[in-house]
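# Chain and residue survey
Single-letter residue listing:
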Amino acid sequence: MIALSELIERFEPALLERYAQRLLPSQMQALAAMKRCRTRFAPRMLAQCTACGEQRSVPHSCGHRACPHCQHHDSQVWLQRQLQSLVPATYFLITFTLPAELRGLAWAHQRVVYALMMQCAWDTLNTFSHNDAKLGATPGAVGVLHTHNRRLDFHPHVHMVMPAASLDTRRRLWRTKARRTKARTGAPTGTTASGGYLFSHKALAKVFRAKVLDAIECAGLTLPAALPEAWVVDCKAVGDGSKALLYLGRYLYRGVIQERDILRCDDKGNVTFQYRHAKTDRMAVRTLPGADFLWLVLQHVLPKGLRRARNFGFLHPNSAASIRLLQVLHLRAAPSAAATQAAPARPAWRCTCGQPMVVLCRRMAAMPPDDPPRQCPGRVTPPDKPDPVSAQTMH
């Protein structure tokens with residue numbers, strides 16, 4: 001496995017020479033953070049074993065949301081929170097894609113275009129739900145913004161995980177939508193086939209197109225001269241929604257590529273990574289110069305403060321009481337094991353002898369990894385007497 005920090009250290013000069021004029025401040029900050037993540041350039045932490053007194057000095061992680069090393073705990077917490085809000089209905093994954101003609105505008109005005117993409121996708125689903133004969137009320141959805149495809153090319157789109165249900169708070173009604181289809185051979189008569197129908201993807205695309213173009217004009221941005229009439233919106237059933245949430249959670253906090261997918265870096269300066277082909281569902285590889293690879297990774301760093309995930313409708317955090325009420329009324333079938341698990345706790349930092357470590361100093365200056373551990377300036381703790389105050393685990 002090749003660490004991303006090693007590739008940054010090797011190819012950063014070539015990256016800056018080729019793409020310096022296109023890199024945004026947020027991308028430069030991400031580059032600097034990931035370069036020193038858990039390396040000799042990072043500040044260090046000093047800890048001591050409560051039993052044997054061994055001291056250990058380790059580098060800090062950068063904590064950046066684009067770093068493949070970091071945010072694993074946060075992604076697990078987000079996933080558990082979404083799983084605990086699953087409702088009794090069939091879920092659908094609706095993907096709203098921005099056409100290629102508008103990607104240049106999206107790159108030039110990321111904060112504006114990304115935000116209106118997310119809002120227009122929700123407004124489209126909300127409109128269809130209120131106009132639907134079986135729903136006729138406010139739906140709920142979990143929206144996640146992705147800016148990449150599986151090859152890591154720039155490809156902005158919004159995923160909406162939405163149950164085929166709505167909550168009418170005025171009339172206090174819970175409504176669901178399911179369509180009975182022709183039973184399979186050998187299946188009991190009248191069974192509901194897996195999947196079903198939510199909304200017409202062609203109708204969703206037309207409304208989404210109109211809302212996005214209107215929002216761009218209202219934001220004062222200039223539209224390209226040529227725009228396609230047909231946009232792409234995909235709508236497919238995903239069962240109880242847990243697998244779709246798991247898929248979205250993989251890229252929410254830990255960057256767009258995992259380091260295990262970086263296969264090799266040859267002597268010519270080319271980086272090869274693997275990805276799963278969308279049509280064949282088989283693993284494929286892509287090789288390109290190291291600077292271009294870093295550019296592919298950095299172009300998906302969002303502007304500072306822009307949220308990649310949002311909850312809408314009755315799945316908004318303000319409606320948590322309504323979700324709990326539905327679960328209390330046993331409207332949902334027996335929840336899956338993943339949905340009932342509590343959010344994972346941070347693992348304890350333990351010594352090689354198996355006993356917990358306590359933190360003596362959270363932040364020291366960076367030092368080469370070969371140097372011996374150092375005490376915090378102005379603070380000395382005898383090896384046979386662990387610090388009783390700093391009984392904390394590694395963050």
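Above this text you will find the structure in question.
Notes on the structure in this doc start here. All figures in this text were calculated on a predicted structure; none of them were measured in a lab.

Quick look at the overall build of the chain now. Along the backbone of the chain there are ten helices and 13 strands. A burial count over the chain gives 44% of its 395 residues as buried. Nonlocal contacts in the chain, meaning residues at least 24 apart in sequence, comprise 72% of its contacts between residues at least 6 apart. Carbon and sulfur atoms form 52% of the exposed surface of the chain, whose accessible area is close to 20700 Å².

What follows concerns the packing of helix α1 (residues 4-19) against helix α2 (residues 25-36). Between α1 and α2, whose axes approach to 9 Å, the crossing angle comes to 140 degrees. Our classification of the angle between α1 and α2 gives oblique. Of the residues in α2, those in contact with L4, S5, I8, E9, E12, L15 and L16 of α1 are M28, L31, M34 and K35. In terms of residue class, the contact of α1 with α2 is built from seven nonpolar, one polar and three charged.

In this approach, a probe sized like a water molecule rolls over the atoms, and the result shows the empty space that is left. Put simply, the largest pocket is a space of about 1300 Å³. Contributions of two or more residues to the lining of the largest pocket are made by β3 (91-97), β4 (140-148), β5 (154-163), β8 (233-237), α7 (242-249) and β10 (270-276). Residue classes in the lining of the largest pocket are distributed as 15 nonpolar, eleven polar and ten charged.

Our focus in this paragraph is the nonpolar core. One finds L7, L15, I94, M160 and F293 to be the most contacted residues of the largest nonpolar core, which totals 72 residues. Per-element tally for this core: the top contributor is helix α5 (residues 110-131), with ten residues. Listed in part, the 21 residues of the second largest apolar core include V142, V144, L167 and F314.

Summed over the entire model, instances satisfying the criterion amount to eight salt bridges. In this structure, D292 and R18 form a salt bridge, with 2.9 Å as the shortest nitrogen-oxygen distance. Here the residue D292 occupies a position in helix α8 (residues 290-298), and R18 occupies one in helix α1, the gap between them amounting to 274 residues. Among the salt bridges present, the one from D281 reaches R276, with a minimum N-O distance of 3.9 Å. Taking relative accessible area as the criterion, D281 reaches 48% and is therefore assigned partly exposed. A network of salt bridges, in which partner residues are shared, links R151, D153 and R286.

Time to look at empty space enclosed by the protein. Tallied over the entire structure, the rule returns three cavities of 30 Å³ or more. Approximately 110 Å³ is the volume found for the largest cavity. What lines the largest cavity is R65, A66, Y251, L252, G255, V256, V297, H300, V301, L302 and R308. Residue composition of the lining of the largest cavity, grouped by class: seven nonpolar, two polar and two charged. Estimates place the volume of the second largest cavity at around 50 Å³. Residue lining of the second largest cavity: Q82, S85, L86, Y91, V142, V161, L245 and L315, and that is the complete set. Split into classes, the residues belonging to the lining of the second largest cavity amount to six nonpolar, two polar and no charged.

Moving on, we come to the packing of aromatic side chains. What the rule picks out here adds up to ten aromatic pairs. Judged by centre distance (5.6 Å) and plane angle (85 degrees), the rings of W107 and F154 are edge-to-face. Highlighted residues: W107 in helix α4 (residues 103-108) and F154 in strand β5, separated in sequence by 47 residues. When its relative accessible area of 16% is taken as the criterion, F154 is described as buried. With a centroid separation of 5.5 Å and 55 degrees between ring planes, the pair formed by F128 and F199 is classed as tilted.

On to the sheet that holds strand β1 (residues 44-49), then. Spatially, the three strands line up as an open sheet ordered β2-β1-β13, and their pairing is antiparallel. Edge strands, defined here as strands with exactly one partner in the open sheet, are β2 (55-59) and β13 (357-364). Going across the sheet, the axis of each strand differs from the next one's by a mean of 25 degrees, ignoring polarity. In this sheet, β2 lies alongside β1 in antiparallel orientation, the contact comprising five bridges. By the bridge assignment, M45 is partnered in β2 with V58.

Parameters and conventions
By convention here, each chain's residues receive numbers from 1 onward along its written sequence. Residue-level local features of this predicted model are given only where pLDDT is at least 70; pairs of side-chain atoms are given and counted only at 80 or more, and the full residue set underlies all totals for whole chains, interfaces and linings. Only hydrogens and water are set aside when side-chain values are computed; all heavy atoms of the structure are taken into account. The secondary structure listing takes helices from DSSP runs of H or I that are at least 4 residues long and strands from runs of E that are at least 2 residues long, numbered from the N terminus. In this scheme, a residue with accessible area under 20% of its type's maximum is buried, one over 50% is exposed, and one in between is partly exposed, where area comes from a 1.4 Å probe on protein chains only. Whether two residues are in contact is decided by their heavy atoms, any of which lying within 4.5 Å being enough. The protein chains shown are the only cover counted for residues, whose accessible areas, like all others here, come from Shrake-Rupley with a 1.4 Å probe. To define axes, lines are fitted to C-alpha atoms, for helices over the stretch in contact only, and angles between the resulting N-to-C directions are given on a 0 to 180 degree scale. In this scheme, roughly parallel covers angles under 35 degrees and roughly antiparallel covers those over 145, while 65 to 115 is roughly perpendicular and the rest are oblique. Put simply, Ala, Val, Leu, Ile, Met, Phe, Trp, Tyr, Cys and Pro go in the nonpolar bin, Asp, Glu, Lys and Arg in the charged bin, and everything else, Gly too, in the polar bin. Method remark: on a 1 Å grid restricted to protein atoms, a set of points is classed as a cavity if a 1.4 Å probe fits but cannot get out and as a pocket if it is open with protein on both sides within 12 Å along at least five of seven lines; lining residues have an atom within 4 Å of a point. Grid points are joined across faces, edges and corners, and a volume is the space filled by probe spheres set on the points. Residues belong to one nonpolar core when they are buried, are Ala, Val, Leu, Ile, Met, Phe, Trp, Tyr or Cys, and are joined through side-chain atoms within 4.5 Å. Here, a salt bridge means any Lys or Arg side-chain nitrogen found within 4 Å of an Asp or Glu carboxyl oxygen. Classification of ring pairs uses Phe, Tyr and Trp, with its six-membered ring standing for Trp, and accepts pairs whose centres are within 6.5 Å; under 30 degrees between planes counts as stacked, over 60 as edge-to-face, and the remaining range as tilted. Any two strands between which DSSP finds at least two bridges are classified as paired.

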